[in-house]
Amino acid sequence: MPRPSVEAERKAQILASTCKVIAAEGFRHLRVSDVAKDAGVSGGTVHYYFETKRELTDAAFEHCFELSVKRRRWILESDEPPLSRLRMVVESYLPEGAETVEAWKVWAELWVEAIRSPELQELNERFYGEWRDIVAGIFRDGQASGEIVAPGDPVELANMMVSMLDGLALQVLAGSKAMTVDTMRTTCLRFVDQLTTVSVG
């Protein structure tokens, strides 16, 4: 049996390959054989770690979420003022760069499939709730320090910002000529700037 560290690395590689295949081919077209080929392992090895395709894809979505938060941990732990942190959140979530674009495509697939799958709805609810709570915490800090003067519940403000990022990013990914990455950046940063002057509700 492989050492625990080797097993952990192999499992992480399988999950990374699963995310890659989902982003490239779509959730419904994902085949374990494609994941195995990309990961450089046998199909039997994939099934050793994940007995079913659903178990594999659920773990891949969780892997994608954890990596997403990990890549932005420096923002959450930054000593920068809350508004600066919100601007950094915007910049870090713009759908540009291979890693971020792949993550956005994986999330888009999760959302589409969750419409029909109660199991994925629960998964999305948990991940989305955790992410909203993180952003709400930044809003809460800003209101407590007086830097954010826009009234409203921090969770509601976080919902506004998160939904803006999600909706505009999907338009960018869909190739909208009216919604480019630069336009998305300008729109989202304008929302952040308004937090210091007027209500955004």
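Treat the numbers as computed from the prediction; the structure is a model and nothing was measured. (Residues numbered from 1 in each chain as written. Predicted model: local features only at pLDDT ≥ 70, side-chain atom pairs only at ≥ 80, totals over all residues. Heavy atoms only, no water.)

Our focus in this paragraph is the overall build of the protein. Scanning the protein for helices and strands turns up ten helices and zero strands. Sequence-ordered secondary structure for the protein, helices as α and strands as β, is α-α-α-α-α-α-α-α-α-α. Reported as C-alpha extents along the three principal axes, the dimensions of the protein are approximately 60 × 40 × 30 Å. Considering only contacts in the protein between residues 6 or more positions apart, those separated by 24 or more positions represent 65%. Between the averaged position of the 23 positive side-chain charges in the protein and that of its 31 negative side-chain charges there is a distance of 5 Å. (Helix = DSSP H or I, 4+ residues; strand = E, 2+ residues; numbered from the N terminus. Contact = heavy atoms within 4.5 Å. Lys, Arg positive; Asp, Glu negative; His and termini not counted. Charge placed at Lys NZ, Arg CZ, Asp CG, Glu CD.)

A few words on the packing of helix α6 (residues 82-93) against helix α8 (residues 118-145). Contact pair α6 / α8: the axes reach a minimum separation of 8 Å and the direction vectors enclose 150°. Relative to α8, the element α6 is oriented roughly antiparallel. Residue-level inspection shows Pro82, Arg85, Leu86, Val89 and Tyr93 of α6 in contact with α8, the latter providing Trp131, Val135, Ile138, Phe139, Asp141, Gly142 and Ser145. For the contact of α6 with α8, a count of residues per class yields eight nonpolar, two polar and two charged. (Axes fitted to C-alpha atoms, helices over the stretch in contact; angles between N-to-C directions. Parallel < 35°, antiparallel > 145°, perpendicular 65-115°, else oblique. Nonpolar A, V, L, I, M, F, W, Y, C, P; charged D, E, K, R; others polar.)

Turning our attention to the nonpolar core. One finds Phe61, Leu86, Phe139, Met161, Met184 and Leu195 to be the most contacted residues of the largest nonpolar core, which totals 63 residues. Residues in contact with Leu86, not counting those within four places in the same chain, are Val135, Ile138, Phe139, Ile148, Met161, Val192 and Leu195. (Core = buried A, V, L, I, M, F, W, Y, C linked by side-chain atoms within 4.5 Å. Buried < 20%, exposed > 50% of the residue type's maximum accessible area, 1.4 Å probe, protein only.)

Per the UniProt annotation, the sites labelled "DNA-binding region" (unreviewed entry) are residues 31-50. When the span residues 31-50 is considered, its composition is 75% helix and 0% strand, and the gap between its end C-alpha atoms is 13 Å. (UniProt positions renumbered as here; feature names shortened; annotations may be inferred.)

To continue, consider the packing of aromatic side chains. Taken as a whole, this structure holds nine aromatic pairs when the rule is applied. Plain terms: the ring middles of Phe65 and Phe127 are 4.9 Å apart, the flat faces sit at 10° to each other, and that makes the pair stacked. Taken together, the residues span a long stretch of sequence, with Phe65 in helix α4 (residues 53-71) and Phe127 in helix α8 at a distance of 62 residues. Side by side, Phe65 and Phe127 carry an identical accessibility label, which is buried. The rings of Tyr93, Trp104, Trp111, Tyr128 and Trp131 are connected pair by pair, giving a single aromatic cluster. Over the ring of Tyr93 we find Arg72; its NZ or CZ atom is 3.7 Å from the centre of that ring. (Phe/Tyr/Trp six-rings, centres within 6.5 Å; stacked < 30°, edge-to-face > 60°. Lys NZ or Arg CZ within 6 Å of the ring centre and 35° of its normal.)

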